Amino acid sequence: MNSPVLAVFASDKGPGDAERASIMTQAGMYFARHGASIICVAENGVIPVPLLTAARAAGGVVQIIADESIVLPSALADVAIEVVADHSERMQRVAALADAFVALPGSLASASAMFGAWSAGKALGKAAPVVMLNRHRAFEVMRGYAGDVLSHGLPGYERSVQFADTIEDLWSRVSRLIGER
């Protein structure tokens, strides 16, 4: 697999900030060490700083698709940023660039953005897989939805939406799904 582009959706805002920041750091380092490029959405002043700084520290390539509210901290001053004012267009841009969508435990806003980008990709005719890190059952409701609803309405849903328990498992699933396409 040659340098996949992963759209990673994460937030460190809200309860459990320290643990989510740790998960983002682990994921950023792991993905970068395995040759993945990371693209993130930054909106409403929220930037997944731990993910991006860890990926860069591990030699990875990162890019931000942002709204006009984003001001990068000095640690990310030289990161590629593309400002797209319209939310729908931001999601389309991320979908066009991504080989896969990755959701880390975070806020409802990051999960909504991930599904917005996935839906935008479907509208563009792109079938990029989604893999969610289900740490502490963060995506258990979505796992139930996938089993109860997607299984009946989306043929081959198990190749489109998967859940992982660890960062290593997440990478294994993402790389396999991208390789199968």
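Described in the following lines is the structure provided in the data block. The residue numbers shown here count from 1 along each chain, following its written sequence. It should be noted that, the model being predicted, local features are given only for residues of pLDDT at least 70 and side-chain atom pairs only at 80 or more, the latter also being counted only at that level, while totals for whole chains, interfaces and linings use all residues. Side-chain metrics in this entry use all non-hydrogen atoms of the structure; hydrogen atoms and water are not considered.

### A word on the overall build of the chain
Each helix is a run of DSSP H or I of at least 4 residues and each strand a run of E of at least 2, with the numbering of both proceeding from the N terminus. Tallying secondary structure elements over the chain gives six helices and seven strands in all. When the helices and strands of the chain are listed from N to C terminus, the series reads β-α-β-α-β-β-α-β-α-β-α-β-α. A 1.4 Å probe rolled over the protein chains alone gives each residue an accessible area, and that area as a share of the maximum for its type sets the label: buried under 20%, exposed over 50%, partly exposed in between. Burial analysis of the chain (181 residues in total) assigns 46% to the buried set. Summarising the internal contacts of the chain: among those between residues at least 6 apart in sequence, 69% fall at separations of at least 24. The criterion used for residue contact is that any of the two residues' heavy atoms lie within 4.5 Å.

### Re helix α2 (residues 49-57)
All of the buried residues in α2 are Pro50, Leu51, Leu52, Ala54 and Ala55. Turning to α2, the residues buried within the fold contact β1 (5-9), α1 (17-33), β2 (37-42) and β3 (62-66). Residue Gly59 follows α2 closely and has a positive phi angle near 90°.

### Topic: the packing of aromatic side chains
A pair of Phe, Tyr and Trp rings is counted when the ring centres sit within 6.5 Å of each other, with Trp represented by its six-membered ring. The angle between the planes then sorts it: under 30 degrees is stacked, over 60 is edge-to-face, the rest tilted. This model, assessed by the stated rule, comprises three aromatic pairs. Their ring planes at 40° and their centres at 6.3 Å tell us that Phe9 and Phe101 sit as a pair that is tilted. One end of the pair, Phe9, is in strand β1; the other, Phe101, is in strand β5 (residues 100-103), with 92 residues separating them in the sequence. Both residues of the pair, Phe9 and Phe101, count as buried.

### Quick word on the packing of α1 against α2
Only the contacting stretch of a helix is used when fitting its axis, a line to C-alpha atoms as for every element, and angles between N-to-C directions run 0 to 180 degrees. For the pair α1 and α2, the least separation of the axes is 7 Å and the interaxial angle reads 30°. In terms of their interaxial angle, α1 and α2 are classed as roughly parallel. Judged by the twist between their axes, the crossing of α1 over α2 is right-handed. Here α1 contributes Ala21, Met24, Thr25, Ala27, Gly28, Met29 and Ala32 to the contact with α2, which in turn contributes Pro50, Leu51, Ala54 and Ala55. Its residues assigned to classes, the contact of α1 with α2 shows nine nonpolar, two polar and no charged. Angles below 35 degrees are treated as roughly parallel, those above 145 as roughly antiparallel, those between 65 and 115 as roughly perpendicular, and all remaining angles as oblique. Handedness of a crossing follows from how the near helix is turned relative to the far one, being left-handed for an anticlockwise turn of less than a right angle and right-handed for a clockwise one. Nonpolar residues are Ala, Val, Leu, Ile, Met, Phe, Trp, Tyr, Cys and Pro. Charged residues are Asp, Glu, Lys and Arg, and all others, Gly as well, are polar.

### Topic: unusual backbone geometry
With a phi close to 50°, Asn44 is a non-glycine residue in the positive phi region. Tracing the backbone shows Asn44 in the loop between β2 and α2.

### Regarding the nonpolar core
Throughout this description, the term nonpolar core refers to a set of buried Ala, Val, Leu, Ile, Met, Phe, Trp, Tyr and Cys residues connected via side-chain atoms within 4.5 Å. One finds Leu6, Val8, Phe31 and Leu104 to be the most contacted residues of the largest nonpolar core, which totals 34 residues. Among the elements of the structure, β1, α1, β2, α2, β3, β5, β6 (130-133) and α6 (167-180) are those that each provide at least two residues to this core. Per-element accounting of this core gives the leading share, six residues, to α6. Here Leu104 is in contact with Val8, Phe9, Ala10, Ile23, Met24, Ala27, Leu51, Leu133, Phe139 and Leu170, once residues within four sequence places are set aside. In this structure, Ala7, Trp118, Val161 and Phe163 belong to the second largest nonpolar core, which totals 24 residues.

### Considerations on the packing of α1 against α6
Axis separation between α1 and α6 bottoms out at 10 Å; the angle between their running directions is 45°. With respect to their mutual orientation, α1 and α6 come out oblique. For α1 against α6, the interelement crossing comes out right-handed. For the pair α1 and α6, the contacting residues are Ile23, Gln26, Ala27, Tyr30 and Phe31 in the first and Ile167, Glu168, Leu170 and Trp171 in the second. Among the residues forming the contact of α1 with α6, the class breakdown is seven nonpolar, one polar and one charged.

### Side note on the sheet that holds β6
Backbone hydrogen bonds are what pair the strands of a sheet, in a parallel or an antiparallel way. Strands sit in the order β4-β3-β2-β1-β5-β6-β7 across an open sheet of seven strands; the sheet is parallel. Of all strands in the sheet, those with a lone pairing partner are β4 (80-83) and β7 (161-164), marking the two edges. In this sheet, adjacent strand axes meet at a mean angle of 25° when their direction is disregarded. Pairing geometry for β1 and β5, over four bridges, is parallel. Looking across to β5, one finds that Val8 is bridged to Val102. Contacts from α6 reach β1, β5, β6 and β7 within the one sheet, and its direction differs from that of β7 by about 155°. Note on pairing: two strands pair once DSSP finds at least 2 bridges between them.

In short, geometric facts, not functional conclusions.
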